[in-house]
Amino acid sequence: MTHEMALEGLTVLDLSRVLAGPWCTQTLADLGAEVIKVEKPGQGDDTRGWGPPFLDGTTDAAYFTCCNRNKHSVAIDFSTKEGSELVRKLAKNADILVENYKLGGLKKYGLDYASLAKENPALIYCSITGFGQTGPYAHRAGYDFLVQGMSGMMSVTGAPDHLEGGGPVKAGVAISDLFTGLYATTSILAAVQYRHKTGKGQHIDCALLDCQVALMANQAANYLVGGMVPGRFGNNHPNVVPYRVYQVSDGYIIIACGNDGQFQRLCEALNIPELHGDARFLTNALRIINRDELDPLIENATRKFTKDEALSKLEQHQVPGGPINDLPDVFADPHIQARSMQQTLTRPDGTDVTVASFPVKLSETPAAHRSAPPRLGNATFDVLRDKLGLTPENLKELAEGGLIQG
């Protein structure tokens, strides 16, 4: 059954590379937008080379495949006058443009917002940078790792300094890039709605540092409202106890009690009912004060169970808990499989590309995995022919001159 897609009819010109921008444009593509990814001939997106591992029989790294499905790759050298003119013509008929070049980096090619908006005032132009279009750091190159440090994220991630192995730790995935990509997507869709009402496009200034500061969430609120400067709690939670990793006889599990009722049921599940009646642990506020006394008592109980036994007890008593999976565990999990969180897509040359699926289920306009992450320049000739009316002779001449790659 064919479903209408929510963003069908929108054309996105994707001038972004690496992760934050491509994550944004892949989300738009999954929801139905036509995404034309402009890449440099002979090289392409930087992440095509960020391996091993590589796709079998190709020079495309696995990294590239995580954020580039459902896109058409058009290889144009827009550092040349002829190439930049081709991209400007594509932008003239696009609804959305996403780029993540350094501040002012596209102006010399006439591909900045001010230049393109003159020809296409309805264009929604999203610039993703490390530090934004204004401010004293605007000129700096921004990377996820730097932003995790500058935003305060690493001040609350990792074990406390006084413990062995303590110190600042970055997250295991590039969360500043990924969340910035999602903020960019949300902002673009807000701009689309505004354009529906007014016909006007706009420039969206999306910075990794701004987004990561916003994502400090409750930790930022603890400081801004209460003057508390949070530190590194390791696997502990600053506002909820018990809420951490506990050792069992054959490994580790997570227990996450969000209220006093769940704590009572935890005590029943682990056969330690005396803790629920202990005056030190009656409320969450008291448990936070006395966490150093409570946690060893809970772990003494969990150590008596295997992982499967402990998780079964927790589920029986409706206590939130779970395993700590590696990725083979994740994709073998029956719930992940039931939610169709893994898809295999096939390139026209027969190369299979397995990807993690779009995660949200829309009842009327579901996302679709229409095409595998493309080889470099897979759609150059088709897009330039169909969008700009170039003839086979035009395309051959441009290709022989190294301006495009197909």
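So, here is what we can say about the structure in this document. Everything quoted here is computed from the prediction, not taken from an experiment.

With that out of the way, let us pick up the packing of helix H3 (residues 81-92) against helix H16 (residues 380-388). The geometry of H3 relative to H16 is characterised by a closest axis approach of 11 Å and an angle of 60° between their N-to-C directions. Looking at the two axes, H3 sits oblique to H16. Where H3 crosses over H16, the handedness of that crossing is left-handed. For the pair H3 and H16, contact is made by Leu-86, Lys-89 and Leu-90 and by Val-383, Leu-384, Lys-387 and Leu-388, respectively. Broken down by class, the residue content of the contact of H3 with H16 amounts to five nonpolar, no polar and two charged.

For side chains of opposite charge, pairing can occur when their charged atoms come near one another. Under the defined criterion, the tally for this structure stands at 19 salt bridges. Between Glu-39 and Arg-48 there is a salt bridge, with the nearest N and O atoms lying 2.7 Å from each other. We classify Arg-48 as buried; its relative accessible area is 4%. Through salt bridges with shared partners, a single ionic network connects Glu-39, Arg-48, Asp-60 and Arg-347.

Another point: the pairing of strand E11 (residues 352-356). Alternating residues of E11 divide into Val-353 and Val-355, all buried, and Asp-352, Thr-354 and Ala-356, none buried. Bridge analysis of strand E10 (residues 342-346) against E11 gives five bridges, and the strand direction is antiparallel. Opposite Gln-342, over in E11, you have Ala-356 as the bridge partner. Hairpin connection, E10 to E11: the antiparallel pair is bridged by five residues, and Gly-350 has positive phi, about 95°.

Turning our eyes to something else, we now look at the sheet that holds strand E6 (residues 202-207). The strand order across the open sheet built from seven strands is E6-E5-E4-E1-E2-E3-E12, with neighbouring strands paired in mixed fashion. The sheet is open, and its two borders are formed by E6 and strand E12 (404-405), each paired with just one other strand. Of the strands in this sheet, strand E1 (11-15), strand E2 (34-39), strand E3 (71-76) and E12 are in contact with H16, which crosses E3 at around 90°.

Here we take up the packing of aromatic side chains. The final tally for this structure, using the stated rule, is five aromatic pairs. Ring centres 5.7 Å apart and planes at 65° place the aromatic pair Tyr-113 and Tyr-125 in the edge-to-face group. Pair noted here: Tyr-113 is in helix H4 (residues 113-119) and Tyr-125 is in strand E5 (residues 124-129), with a separation of twelve residues, a long-range link. You can call Tyr-125 buried: its relative accessible area is 1%. Through a chain of ring-to-ring contacts, the aromatic side chains of Phe-78, Tyr-101 and Tyr-109 assemble into a single cluster.

Rules of the game
- Just so you know, the residues in each chain are numbered from 1, in the order the chain's sequence is written.
- At least 70 in pLDDT is required for a residue's local features to be given in this predicted model, at least 80 for side-chain atom pairs to be given and counted, and no such filter applies to totals for whole chains, interfaces and linings, which use all residues.
- Only hydrogens and water are removed before side-chain values are computed, so all heavy atoms of the structure are retained for them.
- Note on geometry: axes are lines fitted to C-alpha atoms, helical ones only across the stretch in contact, with angles between N-to-C directions running from 0 to 180 degrees.
- Labels follow the DSSP assignment, with helices taken as runs of H or I lasting at least four residues and strands as runs of E lasting at least two, numbered in each case from the N terminus.
- Here the word oblique covers every angle except those under 35 degrees (roughly parallel), over 145 (roughly antiparallel) and from 65 to 115 (roughly perpendicular).
- Crossing chirality is assigned from the near helix's rotation relative to the far helix, an anticlockwise turn below a right angle marking it left-handed and a clockwise turn marking it right-handed.
- The contact definition used throughout considers only heavy atoms, calling two residues in contact when any of these lie within 4.5 Å.
- Note on residue classes: Ala, Val, Leu, Ile, Met, Phe, Trp, Tyr, Cys and Pro are nonpolar, Asp, Glu, Lys and Arg are charged, and everything else, Gly too, is polar.
- One side-chain nitrogen of Lys or Arg within 4 Å of one carboxyl oxygen of Asp or Glu is enough to make a salt bridge.
- Burial classification: accessible surface area is computed with a 1.4 Å probe over protein chains only, and a residue below 20% of its type maximum counts as buried, one above 50% as exposed, and the rest as partly exposed.
- Paired strands, in this sense, are two strands between which DSSP finds at least two bridges.
- When two rings of Phe, Tyr or Trp (its six-membered ring) have centres within 6.5 Å they constitute a pair, described as stacked for plane angles under 30 degrees, edge-to-face for angles over 60, and tilted for the intermediate range.

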